[in-house]
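Residue-level structure breakdown
Letter by letter, the chains look like this.
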Amino acid sequence: MVICGSQRSGDDDRRLLHSMEQFNKEKEGTAFQHVKNNIEGLNGRCGVQDTDLIFLKGLMSSAVMSSLVKMQDRLEETGGVAEPMGTENIDLLHVVSGICRELGSNPAQELADILHSPHIQALIEAHDSIATKSYKAQVPTETLPFLLPPAANGMTGEAIRMVGISKQLNEPLGVTVKSEGDNLVIARILSEGIIDRQGLLHVGDIIMEVNGVEVHTPQQLQEQLKDINGSITFKIMSTYQNNFPSARCYFKALYNYDPSKDNLLPCKEIGLSFKQGNILEILNQQDPNWWQARIVDSKGPTGLIPSQELEERRRAFVRPEFNFTTKSSMCGTRISKKKRKRFYETKTNGDFDKTELLLYEEVARMPPFKRKTLVLLGAQGVGRRSLKTRLISTAPDKFSSPLPHTSRPIREGEVNGKTYHFMSREAIEADIAENKYLEWGEHGGHLYGTNLDSIRGIINSGKMCVLDCNPQSLKMLKTPEFMPYVVFISAPQVELLRQMHENGRHHGYTSMRSLTQTSQSSYFFDVSMQFEKAMGRHGSRRARTLESLASLYEDEELKSTIEESGRLQRAYEKYFDLMLVNNNFDKTFELLEEAINSLSTEDQWIPVSWVY
């Protein structure tokens with residue numbers, strides 16, 4: 001045998017024949033096995049290190065690798081197209097399950113339970129649904145040359161492509177379009193919609209045809225899609241725009257939004273309605289005016305919401321009474337149309353904080369943890385101080401409230417640090433100047449206030465600090481240092497509020513009023529005292545007159561409490577973590593305890609600034 005002009009011996013012929021036989025034998029097996037059998041022959045060749053060979057040998061001998069190779073070989077087999085054995089397997093499953101029920105044996109019952117499980121039935125139903133459909137290419141092979149024309153509108157032929165999708169009747173595609181000259185351009189693709197999940201269309205692509213019909217306007221596209229149920233074929237001209245997805249983030253909604261009443265929304269059908277307090281997952285912020293979002297833990301679709309910038313511009317030009325996107329009615333609230341011009345003063349910055357335009361607050365989900373402070377807000381007389389007192393007395397090892405500081409002289413029998421921390425007026429004023437007080441005020445010529453160090457002392461002891469401060473103090477408390485859980489105690493209706501006060505007097509509860517009493521409240525107190533004295537004189541006419549007068553002033557004070565509760569809710573609702581209507585004191589206390597305990601067992605949405 002002559003090869004390359006040289007004579008080979010019989011031994012060479014035998015080795016060559018053996019090699020060919022070995023190759024054919026290995027060809028009948030796998031290339032993987034060939035490599036595995038020749039690993040040892042690589043030792044000392046091509047600069048291969050022993051450690052590399054040991055690693056490769058172990059990898060090739062692993063059970064996982066063997067399984068992957070077997071799967072690959074099976075996929076490469078040319079055994080023809082797989083055809084389903086049947087399309088009515090769900091009926092067969094029910095028959096087999098019924099037979100197993102009739103047999104009565106434990107294995108048969110176990111099999112019946114497995115076949116009757118919703119997961120198995122859903123799997124078989126999906127198989128039958130797939131088996132009844134034809135999945136041949138929607139575009140015939142002979143039409144392929146049409147997909148690549150030499151040129152179209154100045155674009156190369158490679159920019160034209162056909163895209164097929166499947167939709168149900170009345171199911172939105174999750175895409176908005178706009179007209180640019182004679183072209184219909186994709187303006188927005190909603191995250192997690194049909195188009196977004198498929199990933200074949202992009203913002204800026206031009207829709208030329210729908211099922212072979214040319215379209216040039218949104219109306220023509222809508223006309224073609226409205227009655228389609230099933231397959232749709234788009235002819236698309238690509239524009240090769242790079243549209244990178246926005247980073248997802250989460251916002252707490254601080255206002256209500258109704259897309260059906262928003263005249264700026266380009267398509268009301270894809271607007272997302274939300275309520276104040278909803279957590280929104282922002283999926284796309286590329287459009288400066290409209291964000292794509294969905295409500296967290298909701299099965300609802302993705303929709304458009306106004307961006308912070310758009311809503312700020314809207315509110316700068318639209319009067320509140322005509323802003324229907326956030327219009328709401330609330331019992332006991334009145335909106336004043338009067339405008340006031342005031343210079344900014346440091347001591348009254350809380351009045352300006354109430355008008356801050358806070359629309360969204362970026363938040364993050366955190367595992368359960370105990371908050372440092374509990375802030376109870378509410379109008380005077382709604383029972384928040386009674387709730388604080390009961391909470392501390394019920395669990396003094398978990399809750400505590402800071403003692404106020406005062407500049408008034410200590411009285412006989414008082415102990416410093418028991419009811420008050422007594423300090424000189426000069427010392428308190430110096431601390432106030434250095435912002436060491438959460439809140440402070442003057443009564444009877446003496447200063448009273450809550451020192452921040454007293455709050456820190458309670459937190460450092462491991463207890464939750466309970467505060468019933470003014471809402472203006474939230475600006476100082478809403479920080480990582482104090483991490484407040486803000487609960488608003490809302491006033492009930494007049495009758496329930498009167499009944500609550502009667503029960504409070506009957507059980508000995510006292511309603512602690514603020515340091516600055518109004519003349520009306522003082523007069524009401526004097527009338528009540530005179531009424532009690534008059535009642536001792538056998539219910540005279542004067543007593544009945546005083547009783548009617550006291551009742552009149554009480555009703556006025558209750559109505560004032562309800563109106564103040566409404567004003568506080570409207571102004572500070574964006575800061576609330578929880579709102580409780582105090583219809584029943586015991587029930588309200590129970591709900592408050594449940595909410596506090598849930599902080600240690602459930603995930604929490606907190607401001608991002610507390611974490612990062």
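Further up the page is the structure itself.
Residues numbered from 1 in each chain as written. Predicted model: local features only at pLDDT ≥ 70, side-chain atom pairs only at ≥ 80, totals over all residues. Heavy atoms only, no water.

**A closer look at the sheet that holds strand β21 (residues 446-451)**
As a general point, the strands of a sheet are linked pairwise by backbone hydrogen bonds and lie either parallel or antiparallel. Spatial strand order, β19-β18-β21-β20: four strands in an open sheet with mixed pairing. The sheet is open, and its two edges are formed by β19 (421-422) and β20 (437-443), each paired on a single side. Bridging between β20 and β21 involves six bridges; their strand directions are antiparallel. What sits directly across from H443, in β21, is H446. (Pairing = 2+ DSSP bridges. Helix = DSSP H or I, 4+ residues; strand = E, 2+ residues; numbered from the N terminus.)

**Re the sheet that holds strand β16 (residues 373-377)**
Across the sheet, five strands lie side by side as β17-β22-β16-β23-β24; this open sheet has parallel pairing. Pairing within the sheet leaves two strands with one partner each, and these edge strands are β17 (399-400) and β24 (578-581). As paired elements, strand β23 (residues 484-490) and β24 share four bridges and run parallel to each other. Paired with V487 across the strands is L578, a residue of β24. Helix α15 (residues 452-460) rests against β16, β17 and β22 (464-467) of the sheet, and its axis sits at about 145° to β22. Relative to the sheet, helix α20 (residues 585-598) contacts β16, β17, β22, β23 and β24, its axis offset from that of β24 by approximately 165°. (Contact = heavy atoms within 4.5 Å. Axes fitted to C-alpha atoms, helices over the stretch in contact; angles between N-to-C directions.)

**Section: the pattern of salt bridges**
Enumeration over the complete set of coordinates arrives at 22 salt bridges. The closest approach of N and O atoms between D262 and R314, which form a salt bridge, is 2.9 Å. Here D262 is found in the loop between β11 (249-253) and β12 (279-284), whereas its partner R314 is found in helix α11 (residues 308-317), with 52 residues between them in sequence. Exposure class is identical for D262 and R314. Each is buried. In this structure, R315 and E311 form a salt bridge, with 3.2 Å as the shortest nitrogen-oxygen distance. Placement of the pair is R315 and E311 together in helix α11, with a separation of four residues, close to one helical turn. Through salt bridges with shared partners, a single ionic network connects D262, E311, R314 and R315. (Salt bridge = Lys/Arg side-chain N within 4 Å of Asp/Glu carboxyl O. Buried < 20%, exposed > 50% of the residue type's maximum accessible area, 1.4 Å probe, protein only.)

**Brief notes about the pairing of β23**
Burial of β23 is extensive: seven of the seven residues sit out of reach of the surface. Where burial is concerned, the two faces of β23 agree: the one with P484, V486, F488 and S490 and the one with Y485, V487 and I489 are both buried. Summarising the sheet, β16 and β23 pair through five bridges and their orientation is parallel. Following the sheet pairing, L376 is matched in β23 by V487.

**Focus on the pairing of strand β14 (residues 303-306)**
Along β14, one buried face is formed by G303 and I305 and the opposite face, lined by L304 and P306, is buried too. Here strand β13 (residues 290-295) runs beside β14; their pairing, made up of four bridges, is antiparallel. The partner of W291 across the bridge, within β14, is I305.

**Here's the deal with the state of the cysteines**
Scanning all chains against the criterion turns up zero disulfides. Free cysteine: C469, not disulfide-bonded; nearest cysteine sulfur from C465 at 9.4 Å. (Disulfide = S-S within 2.5 Å.)

**Observations concerning the nonpolar core**
In terms of nonpolar packing, the biggest core is built from 44 residues, with L374, F399, I455 and V487 touching the most fellow members. Among the elements of the structure, β16, α13 (384-394), α15, β22, α16 (474-477), β23, α19 (541-572) and α20 are those that each provide at least two residues to this core. Non-local contacts of V487, meaning those with residues more than four positions away in its chain, are made with L374, V375, L376, L377, L578, L580 and L592. Within the second largest apolar cluster, 20 residues are counted, among which are Y257, L272, A293 and L304. (Core = buried A, V, L, I, M, F, W, Y, C linked by side-chain atoms within 4.5 Å.)

**Quick look at the packing of aromatic side chains**
Scanning all chains against the criterion turns up twelve aromatic pairs. Aromatic pair Y572 and Y575: ring centres 6.3 Å apart, planes at 40°, arrangement tilted. The burial state of Y572 is the same as that of Y575; both residues are buried. Through a chain of ring-to-ring contacts, three or more aromatic side chains come together here, namely F251, Y255, Y257, F274, W291 and Y360. Here R315 stacks its cationic end above the ring of Y255, 4.9 Å away from the centre of that ring. The ring of F589 has R390 sitting right over it, with the charged end atom 4.4 Å from the ring centre. (Phe/Tyr/Trp six-rings, centres within 6.5 Å; stacked < 30°, edge-to-face > 60°. Lys NZ or Arg CZ within 6 Å of the ring centre and 35° of its normal.)

**Some details on the packing of α13 against α20**
The N-to-C vectors of α13 and α20 enclose an angle of 60°; their axes lie 11 Å apart at closest approach. What the angle tells us is that α13 and α20 run oblique. The two elements α13 and α20 cross, and the hand of that crossing is right-handed. Residue-level contacts link S386, L387, R390, L391 and T394 of α13 to F585, D586, T588, F589, E593 and I596 of α20. When its residues are assigned to classes, the contact of α13 with α20 shows five nonpolar, three polar and three charged. (Parallel < 35°, antiparallel > 145°, perpendicular 65-115°, else oblique. Left-handed = near helix turned anticlockwise from the far one by under 90°. Nonpolar A, V, L, I, M, F, W, Y, C, P; charged D, E, K, R; others polar.)

**Points about α11**
The complete set of buried residues in α11 reads Q308, L310, E311 and R314. Burial along α11 is one-sided: seen end-on, the buried residues are contained in an arc of 160°. Looking at α11, the residues exposed on the side facing more than 90 degrees away from the buried face are A316 and F317. (Arc of directions from axis to C-beta.)

**Details of empty space enclosed by the protein**
Inspection of the entire model under this criterion finds one cavity of 30 Å³ or more. Estimated volume of the largest cavity: approximately 40 Å³. What lines the largest cavity is L173, V175, I186, I195, L201, I207, L221 and F234. Here the lining of the largest cavity is built from residues that sort into eight nonpolar, no polar and no charged. (1 Å grid on protein atoms, 1.4 Å probe; cavity = no way out; pocket = protein on both sides within 12 Å on 5 of 7 lines; lining within 4 Å. Points joined across faces, edges and corners; volume = space filled by probe spheres on them.)

None of this, on its own, says anything about what the molecule does.
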